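Per-entry structural report
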Amino acid sequence: MVGTVTDTQGEPLIAASVVVKGSQTATVTNEEGAFQLNNVDPNATLRVSYIGYKTQYVSLKGCSDIKIVLQEDSKGLSEAIVIGYGTIDKKELTSAISHVSAKDFQSVAATDVSMLIQGKVPGLSVVNTAAADPNSAASLQIRGVSSREASVSPLIVLDGIPGASLTNINPNDIESFDVLKDGAASAIYGTRGSNGVIIITTKKGPRDGKTHTTYSATLSWDKANRDLDMMNAEDYRNLRIPAGDAAADLGASEDLFDLVQQVGFKQQHTLSISGGNANSNYRVTVDYRNADGVERRGNREEYGARATVNHTTKDGLFSVNVNVAPRVVYRNLADNDVFRRAIEANPTTPVWNPNDPSRYYDFTDYNGFVNPIESMNLVRNKSQEKVIDWDGTLKLNLLPLFMPDAKYEQILNTQVTFADHQYNNDVNYYEPSTMNQNRRNDRKGYGSRTSNNARNLSLEWIGNYSININKHNLRAMVGYSYQYWQNSGFSSENYDFANDGIGADNLGAGDGMKEEGNIGMSSYKNDNKLIAFFGRVSYDYDSRYLFTASMRREGSSKFGKDHKWGNFPAVSVGWRISKESFMEGASSWLDDLKIRADFGVTGNQEFGSYLSLDTMGPFGYSYYNGEWIKVWGPNKNVNPDLHWEQGKNWNVGLDFSMFNNRLYGSFNYFLRHQQDLLGSYRVPMPPYLFTHTYVNVGTMENQGFEFDITFNAVQTRNFSYTMNFIGSTQSNKFVDFSNSEFVGNDYYDVAYTEIPYPNIPLQRIEKGRSIGGFHMFKYAGISTDGEWLIYDKDGDIIQGIQGTEADRQYVGNGLPKFTLSTGHNFRYKNFDLSLFFSGAFGFHIFNIHDFYYGTRNFTGNTLRKAYGKNFLISPDQNPIVSDYFLERGDYFKLDYLTLGYTLPLRNIRFLNSFRIYGTVRNVFTITKYSGMDPSNFNVNGLNPGAHSGRGYYPTTRQFLLGVQLDF
């Protein structure tokens, strides 16, 4: 028999799935929407489905040529959402999962694929404080911080393989992200689910019987911004020197910031070839990327590939899937500290030594650090990284073996997946003898080599069964998981080489380690494993009443001998109110309305191996019996009770769709209670051998509200406009720092300043309070003598130098109360325009650059305001940590603007489509914060908004040009 599948406009639907119900006979439509099936029962029923359209069951009734018209699923409820170890239709979802498909990705030139979904998922914070550095990775955090010292990063699952790395993924290979945010969704991953889960699905080959070729390229330019208003040489001579402050005119007028920075050029090229039919398909991608940072030394060059092959036997009994992804990365590691040194240095300092123009000027005497131009140009710091990921899945369809005459629509299958991730990184570092610091130390060069290796092996077995009886739908899944990690590496160093040409490539040629007592080498090796048994049951009646329950029992080698295993249950329910008879009156405008609730228990075991074991370590040498003998002994306190952190997660949500899918979205309220927090805890000596033990102590709580709303405002043939609003609120509280065994202080201080004003905390974490609390003196003014005045604990004004610990108070918080992003997409004929805004509100930032550089006391270069707004502060007064430097961090910015054009190619034989687009990122920011772009401050982790060091990396504006050709 033959047939065609079209949409309501008569357009053919390519690669629509056509399955003979109750059998393994299946095919897909070709480019004309046509299909053919052989040896089909004349009275059979066909199941016809296509993404974005309603599934249709068609009874043949003896017809040999049929025309099938699929209706668009106006509610988008047939969209497949990837969950742990499976997929589910959006309409059946009972937990908080955000789905972002390729069409919604950010237009960004970045080697870190997490930047593709920055601002696209409510509750997901993606922050990269050095985004223009091609070797910098973003910090990811879902629904707030969840631990004291264990990892707070979400688990990455790539094509079903947990524990994947983001460094080996080409953005053009990604089909979608599914972010599992609540406990019910992530509990299926047990001890790694507390921080949430990000599931990445890569693109697969088509099944339309044709071969497709796609080439895409992006070129981008990053321009560093001058975020800080520092003095130049003219200002220095006209303001600082006449003021009589500590200063020296060294005779030069250099713009060091300009000398260390460049326009960061990046290019990325991807070529993919794909094809296939109903039984077999493939997709092969190769890519090349070369990226320069805005610091002149930073570079990343890489070559990668990904090959995916799927094959199903003719009778549908076996399916095989194989993925292979190699990648080689060559890095010139940036010296990002050159930006700090460039802005701190006396602007009259020459780059070259005026007495010996062949040598760089020694900055140490006047600036206290290495000449930034010297270190950037002379130091060699390179690495080579090799990654190979491969996995294979064998799937067996058990239904025809055990139930060949199944009465109802059923699925019964089992599959085994094996995966292997191998990683090697070699770092080569060398400082030549000509550097001033080596000349001062009479050292003829210094070199080091470091190698790190990692391997992750996993084996997983899954069994699936589902049955649909009238309106009753039941699905069950059971599985087993085994994962093994092994990490090893070594490092070695030497100095005093015969010449600088040898470098770190022949460390044995150096004479430095010949000196007695020098070793110059170290190595390590560790491993750990996870074993888990898990299962899930889902039931729904008429897609109206929904229920899901899961359980994972997991054991980790990291935990104490009495706590190796843990249980992680989850349950969720949903009610699609719109399907009730009493809602029929609203069906003209209400497409779908669902409420849901869930509870799940998750864990966290992301910390070092062997912390629960009694391990030994070296403790120097002892002279015994005429020789020196290395002494060994216990190197930490033993904790046999070490176990997983436990997160108890509640979530209540609502999903809706209205006005024929013109307006749709979701709302979520969540509460997470994280207990038995992992961390190093101070203990008494004796009975303990050491002052700190790694234990489970403390409880933390996060709660918040999230929304995701999309409105298709205009939809016509030539013009469309869609807007999207994503937002979240968040609050946090440290409930307790103690338990029945370990009782400690109710607070501890974090985010300490560094030299020249060291060891002063900016924030305090305290029982009953949120993280991010700025705890410091409250500013009261400046005296007539230029001295700091503060309020003491009783509200009286005293001199800053008289302030005590008791006078410190809470004056603000660095955790944003509300974050918002909004996208606006326009299409006019073949033109498209996208605007994406983001913002954060209700938080403070400690202006650390004002603190260090904003007063006349700093001995290097300063901000211009030191001789303007802050001139009356005495140069003899060290800046004090007070709310004088605390500012509102609220901002709203146009993150990116993209304009694209798709050429109509109806009469071009060899080219299917051609699109060109341009993007500007970091267009403008609206804020009252006086320092650098507030979006560049990290609000993840335990001390949000409190960058306490002098480190500085500039923000950038990026210009991008992209093109995509489909053949």
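Residues numbered from 1 in each chain as written. Predicted model: local features only at pLDDT ≥ 70, side-chain atom pairs only at ≥ 80, totals over all residues. Heavy atoms only, no water.

Per an unreviewed UniProt entry, the protein goes by the name Collagen-binding protein and belongs to Barnesiella viscericola DSM 18177. One UniProt comment on the protein, placed under Sequence similarities (unreviewed entry), says "Belongs to the TonB-dependent receptor family." (UniProt positions renumbered as here; feature names shortened; annotations may be inferred.)

What follows is about the overall build of the protein. Tallying secondary structure elements over the protein gives nine helices and 53 strands in all. For the protein, whose C-alpha radius of gyration is 31 Å, the value lies close to the compact-globule estimate of 30 Å for 967 residues. For the protein, the spread of C-alpha atoms along the three principal axes comes to 100 × 70 × 65 Å. Looking at the protein as a whole, 53% of its 967 residues are labelled buried. Total accessible area on the protein is roughly 42400 Å²; 54% of this is exposed by carbon and sulfur atoms. Distance between charge centres in the protein, computed from 92 positive and 103 negative side chains, equals 5 Å. (Helix = DSSP H or I, 4+ residues; strand = E, 2+ residues; numbered from the N terminus. Rg over C-alpha atoms; globule rule 2.2 N^0.38 Å. Buried < 20%, exposed > 50% of the residue type's maximum accessible area, 1.4 Å probe, protein only. Areas by Shrake-Rupley, 256 points an atom, 1.4 Å probe, with all protein chains shown as cover. Lys, Arg positive; Asp, Glu negative; His and termini not counted. Charge placed at Lys NZ, Arg CZ, Asp CG, Glu CD.)

This next bit is on unusual backbone geometry. Leave glycine aside and you will find that most residues have negative phi; peptide bonds, for their part, are mostly trans. The omega torsion of the bond from methionine 685 to proline 686 falls at -20 degrees, within 30 degrees of zero and hence cis. Here proline 686 shows up in the loop between strand 36 (678–682) and strand 37 (692–696). Going from proline 686 to proline 687, the amide bond is cis rather than trans, its omega being 15 degrees. Position of proline 687 among the secondary structure elements: in the loop between strand 36 and strand 37. Even without glycine at this site, tyrosine 85 takes up a positive phi of about 60 degrees. On the secondary structure map, tyrosine 85 appears in the loop between strand 8 (80–83) and strand 9 (86–89). The phi torsion at asparagine 759 lies on the positive side, around 65 degrees, for a residue other than glycine. Along the chain, asparagine 759 falls in the loop between strand 40 (747–752) and strand 41 (761–766).

The pairing of strands in a sheet happens through backbone hydrogen bonds and is either parallel or antiparallel. Taken in spatial order, the four strands of this open sheet run 40-41-42-46, and their pairing is antiparallel. Either end of the sheet is taken by a strand with one partner, and the two such strands are strand 40 and strand 46 (809–813). Direction aside, neighbouring strands of the sheet carry axes that sit 40 degrees apart on average. (Pairing = 2+ DSSP bridges. Axes fitted to C-alpha atoms, helices over the stretch in contact; angles between N-to-C directions.)

In this section: the nonpolar core. In terms of nonpolar packing, the biggest core is built from 67 residues, with Phe339, Phe734, Leu762, Phe774, Phe846 and Phe851 touching the most fellow members. Discounting residues that sit within four places of it in the chain, phenylalanine 846 has contacts with Leu762, Phe774, Met776, Phe851, Val881, Ser882, Phe885, Leu886, Tyr929 and Gly945. Membership of the second largest hydrophobic core comes to 21 residues, among which are Val113, Leu124, Leu166 and Ile198. (Core = buried A, V, L, I, M, F, W, Y, C linked by side-chain atoms within 4.5 Å. Contact = heavy atoms within 4.5 Å.)

We now examine the domain arrangement of the protein. What the domain assignment lists for the protein is domain 1 (2–69) and domain 2 (747–956). Here domain 1 and domain 2 have C-alpha centroids that lie 58 Å from each other. (Domains from an automatic or database assignment.)

Here the protein averages 90 in pLDDT, while 98% of its residues score no lower than 70. Helix 5 (residues 364–367) is the least confidently modelled element of the protein, averaging 78 in pLDDT, while strand 50 (residues 886–888) averages 96, the highest of any element. (pLDDT = per-residue confidence, 0-100.)

A few words on the packing of aromatic side chains. All chains considered together, the criterion is met by 49 aromatic pairs. An angle of 15 degrees between the planes, with centres 6.2 Å apart, marks the rings of tyrosine 757 and tyrosine 852 as stacked. Placement of tyrosine 757 in the loop between strand 40 and strand 41 and of tyrosine 852 in helix 9 (residues 848–853) is noted, with a sequence separation of 95 residues between them. Assessed through its relative accessible area of 1%, tyrosine 852 is described here as buried. The interplanar angle of 75 degrees and the centroid separation of 6.1 Å between the aromatic rings of tyrosine 779 and tryptophan 788 together place this pair among those described as edge-to-face. Residue classification places tryptophan 788 among the buried positions, given a relative accessible area of 1%. Put simply, the rings of Tyr757, Tyr779, Trp788, Phe846, Phe851, Tyr852, Tyr853, Phe858, Tyr884 and Phe885 pair up and form one aromatic cluster. (Phe/Tyr/Trp six-rings, centres within 6.5 Å; stacked < 30°, edge-to-face > 60°.)

Taken as a whole and assessed by the stated rule, the structure comprises 48 salt bridges. Between glutamate 409 and arginine 47 there is a salt bridge, with its nearest N and O atoms 3.7 Å apart. With glutamate 409 in strand 25 (residues 409–431) and arginine 47 in strand 5 (residues 45–49), this residue pair connects regions lying 362 residues apart in the sequence. Overall, the relative accessible area of 22% leaves glutamate 409 in the partly exposed class. Its relative accessible area of 28% is what places arginine 47 among the partly exposed residues. The salt bridge involving glutamate 805 is made with arginine 808; its shortest N-O contact spans 3.5 Å. Since its relative accessible area comes to 42%, glutamate 805 is described here as partly exposed. (Salt bridge = Lys/Arg side-chain N within 4 Å of Asp/Glu carboxyl O.)

A word on the environment of threonine 129. Here threonine 129 lies in the loop between strand 11 (124–127) and strand 12 (139–142). On the accessibility criterion, threonine 129 (36% relative accessible area) is partly exposed. Residues threonine 129 and serine 139, 10 residues apart in the sequence, show an inter-C-alpha distance of 8.8 Å. Every residue in contact with threonine 129, bar those within four places of it in the chain, is listed here: Asn936, Asn938 and Tyr953.

It is worth spelling out the pairing of strand 16 (residues 197–202) at this point. For strand 16, a buried count of five out of six residues is recorded, marking the element as mostly surrounded by other parts of the structure. Taken together, the four bridges between strand 13 (residues 155–158) and strand 16 define a ladder with parallel strand orientation. Note on strand 16: the bridge partner recorded for isoleucine 156 is isoleucine 198. Both strand 15 (residues 174–180) and strand 16 contribute to a ladder of six bridges, which runs antiparallel. By the bridge assignment for strand 16, serine 176 is matched with threonine 201.

Let's shift gears to helix 2 (residues 233–240). Regarding helix 2, the residues found buried are Ala233, Asp235, Tyr236 and Arg240. Down the axis of helix 2, the buried set is contained in an arc of 155 degrees. They therefore lie on one face. Put simply, asparagine 232 is the residue that caps the front of helix 2, since its side-chain oxygen is 3.1 Å from the backbone nitrogen of glutamate 234. (Arc of directions from axis to C-beta. Polar contact = N/O pair within 3.5 Å; in protein donor to acceptor, adjacent residues only side chain to side chain.)

Right, let's talk about the sheet that holds strand 43 (residues 778–782) for a bit. Strand order across the open sheet formed by three strands is 43-44-45, with antiparallel pairing between neighbours. The two strands at the open ends of the sheet, each matched to only one other strand, are strand 43 and strand 45 (797–799). Neighbouring strand axes in the sheet, compared pairwise and without regard to direction, differ in orientation by 40 degrees on average. Inspection of the sheet shows strand 43 paired to strand 44 (residues 788–791) by four bridges, in the antiparallel sense. Looking at the pairing, lysine 778 lines up with tyrosine 791 of strand 44.

Before going further, it helps to examine the side chain of aspartate 7. With respect to the secondary-structure elements, aspartate 7 resides in the loop between strand 1 (2–6) and strand 2 (17–20). Lacking a salt bridge, the buried aspartate 7 has arginine 717 as its closest oppositely charged neighbour, with an N-O distance of 12 Å.

Moving on to the environment of asparagine 943. Along the polypeptide, asparagine 943 turns up in the loop between strand 52 (913–927) and strand 53 (956–966). Sequence-distant contacts of asparagine 943, that is, excluding residues within four places in its chain, are made with Val750, Ala751 and Gln763.

You can see aspartate 966 is positioned in strand 53. The buried charged residue aspartate 966 lacks any salt bridge partner; its closest oppositely charged side chain belongs to arginine 283, at an N-O distance of 8.2 Å. Side chain to side chain, aspartate 966 and threonine 214 meet in a polar contact 2.8 Å long. Engagement of the side chain of aspartate 966 in a polar contact is seen with the side chain of serine 913, the distance being 2.7 Å. Setting aside chain neighbours within four positions, we find aspartate 966 in contact with Thr213, Thr214, Leu911, Asn912 and Ser913.

On to the environment of serine 550, then. Looking at the element boundaries, serine 550 is found in strand 29 (residues 545–556). Judged by its relative accessible area of 10%, serine 550 is buried. As a C-alpha pair, serine 550 and tyrosine 50 span 500 residues in sequence and 29 Å in three-dimensional space.

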